[in-house]
Amino acid sequence: MPSSQDASPHLKVARLLLIQMQKMDEKEFKRRLRALRASDPVEGPLALHWLFSAIARAAPPGKDRIFFLEQADVVMEEAVAMRKIIKGH
């Protein structure tokens, strides 16, 4: 994981969301996830991948962990596809 100084602004927002997650209601948390995703076509989904992976690592084995791992995979695929589109592949 990159150090705090090297982290992208999007990753810094994801880290803050992880810390503040317990203080937000579900509606506010989802609103902030959507805003982070929309903030950049590549960096937004990459930050969400990190966030979902961190939540999955903290979750006990079961449905919640599987759900967040699947969401991490979805946003990583989105980031890779958008990066290819932007680079003209």
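Everything that follows concerns the structure shown earlier in this document.
Here is what the cut-offs are and how they apply
- All residue numbers refer to position in the chain's written sequence, counted from 1.
- In view of the model being predicted, local features appear only for residues whose pLDDT reaches at least 70, and side-chain atom pairs are presented and counted only at 80 or more, with totals across whole chains, interfaces and linings using the full set of residues.
- Side-chain numbers here rest on the full set of heavy atoms in the structure, without hydrogens or water.
- Pairing of aromatic side chains requires ring centres within 6.5 Å, counting the rings of Phe and Tyr and the six-membered ring of Trp. Pairs whose planes differ by under 30 degrees are stacked, by over 60 edge-to-face, and all others tilted.
- Numbering of helices and strands runs from the N terminus; a helix is a DSSP stretch of H or I covering at least four residues, while a strand is a stretch of E covering at least two.
- In this scheme, a residue with accessible area under 20% of its type's maximum is buried, one over 50% is exposed, and one in between is partly exposed, where area comes from a 1.4 Å probe on protein chains only.

Moving on, we come to the packing of aromatic side chains. Tallied over the full model, the rule gives two aromatic pairs. Plain terms: the ring middles of Phe 52 and Phe 68 are 6.0 Å apart, the flat faces sit at 40° to each other, and that makes the pair tilted. With a gap of 16 residues between them, Phe 52 in helix H3 (residues 43-58) and Phe 68 in helix H4 (residues 63-87) connect regions that are remote in the sequence. Exposure remark for Phe 52: the relative accessible area of 8% places this residue in the buried category. Plain terms: the ring middles of Phe 67 and Phe 68 are 5.1 Å apart, the flat faces sit at 80° to each other, and that makes the pair edge-to-face. Assessed through its relative accessible area of 42%, Phe 67 is described here as partly exposed.

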